[in-house]
Amino acid sequence: MPAALPALGLPVLGALADEIFGGGLGWLYAACAVLGAAMAALVAGRRGWWWIVSGAPVVTLTVACAVDYLARGDRYQGAGLATQGLKLVSGQFWPMVVALVAALLAVAVRTRRTRKAHHG
Amino acid sequence: MAEQRTPRRGGARPSRPAPLVIAGRTVACGVSLAVLAVSGFAWYTVNDLNGVTRSHALDEAKKNAPKHLDKSLNILLIGLDSRKDMDGNDLPKEFVQDELHAGSSEIGGYNTNSLIVLHIPPSGKVQAVSIPRDDWVQTYGADGKMHKVKEAYGFAKDAAEQKLRAKGVKGADLEHQSREAGRSATIQTVQKLLDIPIDHFAEVNLLGFYDIAKALQPITVCLNKPVNDPIVSRVTDSKGNVIKPGGGTGLQLPAGESQLNAAQALSFVRQRHNLTNGDLDRTHRQQAFIASVEYKLKQQGVLDDLGKLQSLLDVVKKDVVIDDDWQILDFAQQAPNLTGGNVEFNTLPIDKFANIGGQEVNQVDPVKLRRIVKQLFGQAAPAAPAPAAGTDAPDAAPPANAADTTVDVLNGSPVTGAAGDESKALVALGYKAGKATNSDTRPKATTVKYGAGAKDAAEQIATRYGATATAASTVPAGHVQITLGTEYTAPGAPATDPSPSASLQMQGPPVKAGGVPCVD
């Protein structure tokens, strides 16, 4: 499975599900973003890890911004651009951090397994 | 991004990646860190903005709140005249007497000496109405008796305090929890009195007011006449009984504009002696002061700048309590709408002064107050007939079968798009959307007709337009047909008359924001 699929697909799916069933980005989106980053790191090649790990926060924020803007773009008019933007960006801080940590953990797990396999 | 493959030679470690790959990785990491840093700063900022003390006091009131007829917002501003801090400790005696000019820590209790409902419509002028503190009203959430509206807080707090004390709650917890009961009672009482939903509230106490004024001083105010309000000491006998009540704030100001420091500002809004209309002039002072502060905030760009707003909140957050649903960011978005002369303050009328049980009170007619507030907030036509005395004003909430009723809106008014807007507003209330189109006729007044089975809904909708619902065989069953008349103005939109209060009976002239208004 190409790493891009979970890395991008899961966050997008989570965001859409949250918008449809939850009325806004929430826990489902955050969970999918974290899961997507971890799964991508698990299936990616060694050289892809750089991009998966460094991309996790960017993907999480970008998908959130895009979906939220598409769902309620009218709120981002005039004074709303600053306040809604600030609210959205601040709300994605912890999902981004956790997605990054999840990707790093997945990399650590795979590195450990590889080392064990080599030594074992 | 494709990476250059590095050939392995005889099992040796792979060589360093190509410079382009290293550069790409560095940029990716840099972007990632930058995104994290920006988001982290945003998170910190939002948390800091929302770091004001929160309260659950709105919960009880929300259970019984009347429904909104549009997307407006009602905010109750509570000015609590307490000489205690948030934990129930007396403020330092010297500070209360010398700096606040507010007598001793023993007097004052927990009176809500300033109650202002701010109505922010989806568009148009913001209306602020003050409820005179001595209005004699039915209280809710307190002891269920008639009291001055300012006393609901104290009675509810006292009752809660006794119960909590019996459960072993003490110290700061006792104060925090019992104040919650006071806030809840005040909100419920105001909500019932005016029959409007209270969406948010903010409470500030004496110290909070002082701190806010200190952060903003000097504050320009304007008086129509010079004022001299000497401090008169309270006289007590050897047993501590009050022989002669004290009073006065020590305020001395000339006519015209003056620059006030924090202590003078407090005197300005608290003075009630040596004023023609006593307490009611004090209410106008409070309104004028808020208008002056708002003007200053606008001039300094605080309301348009989140950073400046955050700095101001840092100063006052320890003294202000707001409800736990209120997002400061949402308010920051609306704040610019509160400036530039877009707010008008009015004082709800009293019927007469009276003495009840030895107390000087304002007698009010709740039905009249509700009607005035509805008209002022654009939720009923000015021509709406007054309900008979002793009966409640029509409830704004839609009936239980609203979802089964289809509303057809025909626009016979000169307002472009009114049918669509009204249709959306009614759908937001739970009705089913029907036709929204132009009318072939141009009736002067808005008419509401209904088909079989839609009488209840039609009567409810009719209250929105100050009309009378009539049955019509031409309207399909389950439908209500509204034809907007030429006199129609959108609820919440600016009326033809720039001041909706102009035709309403209010207590004194309105105080208009957008500058430094002059008051008595």
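See the structure above.
Residues numbered from 1 in each chain as written. Chains lettered and ligands numbered in written order. Predicted model: local features only at pLDDT ≥ 70, side-chain atom pairs only at ≥ 80, totals over all residues. Heavy atoms only, no water.

Before we go on, may I ask you to explain the packing of aromatic side chains in this structure?
Here the structure, examined in full by the defined rule, presents seven aromatic pairs over all chains. Centre to centre, the rings of Trp94(A) and Trp43(B) are 5.5 Å apart; their planes meet at 90°, and the pair counts as edge-to-face. Of this pair, Trp94(A) sits in helix α5 (residues 93–119) while Trp43(B) sits in helix α1 (residues 19–49), which puts the two residues in different chains. Ring centres of Tyr110(B) and Tyr153(B) lie 6.3 Å apart, and the angle between their planes is 0°; this geometry places the pair in the stacked category. Taken as a pair, Tyr110(B) in the loop between α3 (93–99) and β3 (111–120) and Tyr153(B) in helix α4 (residues 152–166) lie far apart in primary sequence, 43 residues in all. Tyr110(B) sits in the buried class, given a relative accessible area of 12%. Take Tyr153(B): its relative accessible area is 0%, and that puts it in the buried class. These aromatic residues form a ring-pair network of at least three members: Phe93(A), Trp94(A) and Trp43(B). For the cation-ring pair, Lys157(B) lies above Tyr110(B), with the distance from its terminal atom to the ring centre recorded as 4.4 Å. Its guanidinium or amino end placed over the ring of Tyr140(B), Lys192(B) lies 5.4 Å from that ring's centre, counting from NZ or CZ. (Phe/Tyr/Trp six-rings, centres within 6.5 Å; stacked < 30°, edge-to-face > 60°. Helix = DSSP H or I, 4+ residues; strand = E, 2+ residues; numbered from the N terminus. Buried < 20%, exposed > 50% of the residue type's maximum accessible area, 1.4 Å probe, protein only. Lys NZ or Arg CZ within 6 Å of the ring centre and 35° of its normal.)

Can you help me understand the sheet that holds strand β24 (residues 518–519) of chain B in this one?
Within a sheet, each strand pairs with its neighbour through backbone hydrogen bonds, oriented either parallel or antiparallel. All names here are of chain B. The sheet built from three strands is open, its strands ordered β13-β8-β24 with mixed pairing. Either end of the sheet is taken by a strand with one partner, and the two such strands are β13 (256–260) and β24. Examined bridge by bridge, strand β8 (residues 219–223) and β13 share five bridges and lie antiparallel to one another. Considered in β13, the bridge of Val-221 is made with Ser-258. Along the sheet, helix α8 (residues 279–299) contacts β8 and β24; its crossing angle with β8, the most-contacted strand, is approximately 140°. (Pairing = 2+ DSSP bridges. Contact = heavy atoms within 4.5 Å. Axes fitted to C-alpha atoms, helices over the stretch in contact; angles between N-to-C directions.)

Please explain the packing of α5(A) against α1(B) as it appears in this structure.
Two packed helices can be described by the angle between their axes and the distance between those axes. Following both chains from N to C, one finds α5(A) and α1(B) inclined at 140°, their axes separated by 9 Å at the closest point. Put simply, α5(A) runs oblique to α1(B). The two elements α5(A) and α1(B) meet at a crossing, and its hand is left-handed. Seen from α5(A), the contacting residues are Phe93(A), Trp94(A), Met96(A), Val97(A) and Leu100(A); seen from α1(B), they are Val35(B), Leu36(B), Ser39(B), Gly40(B) and Trp43(B). Across the contact of α5(A) with α1(B), the residue classes break down as eight nonpolar, two polar and no charged. (Parallel < 35°, antiparallel > 145°, perpendicular 65-115°, else oblique. Left-handed = near helix turned anticlockwise from the far one by under 90°. Nonpolar A, V, L, I, M, F, W, Y, C, P; charged D, E, K, R; others polar.)

Explain the packing of helix α5 (residues 171–194) of chain B against helix α11 (residues 366–376) of chain B to me, please; I cannot follow it from the model alone.
Residues and elements named next belong to chain B. Two elements in contact, α5 and α11, have axes separated by 7 Å at closest approach and are oriented at 80°. The angle between α5 and α11 falls in the class roughly perpendicular. Residues Lys-192, Leu-193 and Leu-194 of α5 lie in contact with α11, whose contacting residues are Pro-366, Leu-369, Arg-370 and Val-373. Taken together, the residues that form the contact of α5 with α11 break down as five nonpolar, no polar and two charged.

What is the right way to read the interface of chain A and chain B from this model?
Accessible area lost upon the coming together of the parts serves often as the stated size of an interface. Taken together, the contact between chain A and chain B spans 22 residues of the former and 24 residues of the latter. Across the chain A/chain B interface, buried area totals approximately 2,100 Å², and carbon plus sulfur atoms make up 72% of it. Three residues, Arg47(A), Trp51(A) and Leu86(A), lead the burial of chain A against chain B; their summed loss comes to 31% of the area buried on that side. Run the count over chain A and chain B and you get three residue pairs in polar contact (both at pLDDT 80 or more). If you list the elements that add at least two residues to the side of chain A that touches chain B, you get α3 (49–71), α4 (80–91) and α5 of chain A. Residue contributions to the side of chain A that touches chain B peak at seven residues, all from α4(A). (Buried area = accessible area lost by both parts, 1.4 Å probe. Polar contact = N/O pair within 3.5 Å; in protein donor to acceptor, adjacent residues only side chain to side chain.)

Just to check I follow, could you spell out the environment of Pro366(B) for this structure?
All names here are of chain B. Within the fold, Pro-366 resides in helix α11. On the basis of relative accessible area, Pro-366 is assigned to the partly exposed category, the value being 31%. Considered as a pair, Pro-366 and Ile-350 are 16 residues apart in the sequence and their alpha carbons are 9.8 Å apart.

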